[in-house]
Amino acid sequence: TRLGLTGAMLAILSRAIGIALFAGGLSFVRHHSERRWQVVGALAVLGGGFALAGIPPMLGFAAEYSIYRDLAALNGAYVALLLASNAVALLVTLQVGWRVFVESGEADDFSGELKIVPYLCTVIVLLLLAAVIVTGLFPQWIANPLIDALGQAAYLK
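Residues numbered from 1 in each chain as written. Predicted model: local features only at pLDDT ≥ 70, side-chain atom pairs only at ≥ 80, totals over all residues. Heavy atoms only, no water.

(A) Quick peek at helix H6 (residues 140–151). In this model H6 runs 16 Å from its N-terminal to its C-terminal C-alpha over twelve residues, within 8% of the 16 Å that 1.5 Å per residue would give. Within H6, burial applies to Ala143, Ile147 and Leu150. Seen from one end, H6 has its buried residues packed into an arc of 65°, which puts them on one side. Among the structural elements, helix H1 (2–31) are those in contact with the buried residues of H6. (Helix = DSSP H or I, 4+ residues; strand = E, 2+ residues; numbered from the N terminus. Expected span 1.5 Å × (residues − 1). Buried < 20%, exposed > 50% of the residue type's maximum accessible area, 1.4 Å probe, protein only. Arc of directions from axis to C-beta. Contact = heavy atoms within 4.5 Å.)

So, in structure tokens, the structure goes:
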């Protein structure tokens, strides 16, 4: 159905952005030892993990809500299983984020060296976070153009 295709596309987009944020945050943490970059990395990890776990107001919640609502009418055990898997993703995200925040207390304060790459990566992380939050609040902004584009694809007919 059109609703199923919309939910699937939003879930795929949410996963892609969530994994990009999570991986980018871990890269920040690993390769930039200054405290400010550690904080940016931790925020990216938390944002990506929340997108993967479907925490409101992230896009993952908008995609999963319709799935949960329809699935609850069929079998409540499946909904419980999906909620448990999201809870595990949330706990792992919080554990990794907490570890980064604790270890960032041991990070360098400021090196004074100007590096352009961390600043550009921070802009990308902020844009991805904004995209996943805004599309989570207003999923129709992205869902309708996606469905229109997919509706014109000959291989989906």
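(B) A look at a nonpolar patch on the surface. Judged by side-chain polarity, Ile116, Val117, Tyr119 and Leu120 come together as a nonpolar surface patch covering roughly 390 Å² of accessible area. The residue Leu120 is located in helix H5 (residues 116–137) in this model. (Patch = residues over 30% accessible without salt bridge, like charges linked within 9 Å, V, L, I, M, F, W, Y side chains within 5 Å. Areas by Shrake-Rupley, 256 points an atom, 1.4 Å probe, with all protein chains shown as cover. Salt bridge = Lys/Arg side-chain N within 4 Å of Asp/Glu carboxyl O.)

(C) Representation of the side chain of Thr122 within the structure. Relative to the elements of secondary structure, Thr122 occurs in helix H5. There is a polar contact of 2.7 Å between the side chain of Thr122 and the backbone oxygen of Pro118. With sequence-adjacent residues up to four places away left out, Thr122 is seen in contact with Phe28, Trp37 and Val40. (Polar contact = N/O pair within 3.5 Å; in protein donor to acceptor, adjacent residues only side chain to side chain.)

(D) Representation of the packing of aromatic side chains in the model. Scanning the entire structure with this criterion turns up four aromatic pairs. Taking the centre distance of 5.0 Å and the plane angle of 85° together, the rings of Trp37 and Tyr119 count as edge-to-face. Pair noted here: Trp37 is in helix H2 (residues 35–53) and Tyr119 is in helix H5, with a separation of 82 residues, a long-range link. Members of the aromatic cluster, joined through ring pairs, are Phe28, Trp37 and Tyr119. (Phe/Tyr/Trp six-rings, centres within 6.5 Å; stacked < 30°, edge-to-face > 60°.)

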